[in-house]
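Structural overview
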Amino acid sequence: MSPNKDAVISLRKRFQEALSTQTFGRSVLWLDSVASTNDEARTWAESDGSHGAVVFADHQTGGRGRHGRSWHSMPGLNLTVSLILRPAFPPIGFGLITLAASLAVCECISSSCPGVSPSIKWPNDILIEGKKCCGMLLESVITSDRNGSYVILGIGLNVNQAEYPARLRASSTSLMLACGRPVDRALLLADLLQRLERTYSRLESQPDSIVKNYESNLDGIGRMIYLSDAHSGTRYSGIIKGIDDSGALLLDIDSDPGSDLDIGVRAFHAGDVQLIENGE
Ligand code: BTN
C-alpha cells in the first residue's frame, strides 16, 4: 500500500469519528489523487451525488483556481475538497454561498489556531496577516428544471505546507506557518464541514446576516485599491466602501479609464483586488 493510501485511510477514520454534521460530509469520496476535486464532484453531481456530499483528494494533479488559474497544493499536507450543494433557493442567490463559506473558513481557522485572526479578501480569499491561506472556486450548473441546478464549492486550504514555489512565496501562507505547529487535517475538515453546514443554513434563513457578517470580516474597507474587473478586463482604482446585498464589491471610483461620467460608487461582481500601499 502506498504511503498516500495509508495516510488517507487514517485521516478518513479520524474524520468519521469527529464529524457531527447532519448532512455535510455524511457522504465522502476519498481519493489519493485526482486532477481536480471540482471536476470529480461535478461528475458525481451529474449522477447521484447528494446535497452535502464531499470529494476529498490528498493530491490534485490539475487543481484549478479562479479565472482559469491553477491551484498549487503539495500532496498530503493540505485540504483540497469540493462540496456538492443543491440549493433550495433560486440561482440568483448562488453567489452568496461563497460569503457563507468564507465565514465558515474564518471561524474554523480562528478555532483551530487560537490567536490567529483571518480576514477575507474579496471575493473569497482568506488571508492571515495579508497572505493567502485559502481560496474557493464556486461553479454552478443551472438548469431550466429548478431541481436540477447545483453548485460545486471547491475549497483549497493550506494546512501544513511550509514551502511554496518562488512565484507564491511572498503571498502564501498556511495554518502551520501561522500558528507554529502542525494542524490535524481530519479534525480540521470535520470542523470546517460543521461550520459550513451552519453558515449555509443561516444563508437560507437570514441572508442579510451573512452579508453583514462577511462585510465585517472584509479586508481593506476604506482603503485605496486596484480592481481588475473580470468582465471588461479594465483596471480601476478606488476606495472599498463595502459590499451590496448580492455580495458585489462597492468601489468609490476615483478615475475611470473608460469614461469621465461614471465616477462614483459602483458595484463589481467579479474581479481581483490589489491593495495600493502608501506611496504606490
Ligand atoms: C482561487 O483562489 O483561485 C480558488 C482556488 C480553489 C482551489 C480548490 S482546491 C479544491 C477544488 N478543486 C479545484 O480544482 N479547485 C478547488
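This is a predicted model, so every value here is computed, not measured. (Residues numbered from 1 in each chain as written. Predicted model: local features only at pLDDT ≥ 70, side-chain atom pairs only at ≥ 80, totals over all residues. Heavy atoms only, no water.)

Throughout the structure, instances matching the rule amount to six aromatic pairs. Where F89 meets Y200, the ring centres are 6.1 Å apart and the plane angle is 40°; that geometry is what we call tilted. With F89 in the loop between β3 (79-85) and α3 (97-112) and Y200 in helix α6 (residues 185-205), this pair connects stretches of sequence that are 111 residues apart. Judged by its relative accessible area of 16%, F89 falls in the buried class. Classification of Y200 as buried rests on a relative accessible area of 4%. A connected cluster of aromatic rings, assembled from ring pairs, spans F24, F89, F94 and Y200. Its guanidinium or amino end placed over the ring of Y226, R235 lies 3.6 Å from that ring's centre, counting from NZ or CZ. (Phe/Tyr/Trp six-rings, centres within 6.5 Å; stacked < 30°, edge-to-face > 60°. Helix = DSSP H or I, 4+ residues; strand = E, 2+ residues; numbered from the N terminus. Buried < 20%, exposed > 50% of the residue type's maximum accessible area, 1.4 Å probe, protein only. Lys NZ or Arg CZ within 6 Å of the ring centre and 35° of its normal.)

Let us look at the site of the ligand. Not every one of the 20 residues close to the ligand is listed here, only the nearest: S36, Q60, R64, R66 and K132. Between the ligand and K132, the relevant distance is 2.6 Å, taken from an oxygen atom to a side-chain nitrogen or oxygen of the residue. Alone, the ligand offers 420 Å² of accessible surface; in the complex the protein occludes 98% of this. Elements represented by at least two residues in the shell around the ligand include exactly α2 (37-46), β3, β6 (131-141) and β7 (150-157). (Near = heavy atom within 4 Å. Polar contact = N/O pair within 3.5 Å; in protein donor to acceptor, adjacent residues only side chain to side chain. Areas by Shrake-Rupley, 256 points an atom, 1.4 Å probe, with all protein chains shown as cover.)

So, about the sheet that holds β6. On the basis of which strands lie adjacent, the open sheet formed by seven strands has the order β1-β2-β3-β7-β6-β5-β4 and mixed pairing. Of all strands in the sheet, those bounded by a partner on one side alone are β1 (28-31) and β4 (118-121). Put simply, the sheet's adjacent strands are angled 20° from each other on average, direction ignored. Together, β1, β2 (54-57), β3, β6 and β7 form the strand contacts of α2, whose direction differs from that of β7 by roughly 155°. (Pairing = 2+ DSSP bridges. Axes fitted to C-alpha atoms, helices over the stretch in contact; angles between N-to-C directions. Contact = heavy atoms within 4.5 Å.)

Right, let's get into the packing of α3 against α6. Two numbers describe how α3 lies on α6: the axes approach to 8 Å, and their chain directions differ by 140°. When the interaxial angle is binned, α3 and α6 end up oblique. With respect to the hand of their crossing, α3 and α6 are arranged in right-handed fashion. Counted together, I97, A100, A101, L103, A104, V105, E107, C108, S111 and S112 of α3 and L188, D191, L192, R195, L196, T199, Y200, R202 and L203 of α6 form the full contact between these two elements. (Parallel < 35°, antiparallel > 145°, perpendicular 65-115°, else oblique. Left-handed = near helix turned anticlockwise from the far one by under 90°.)

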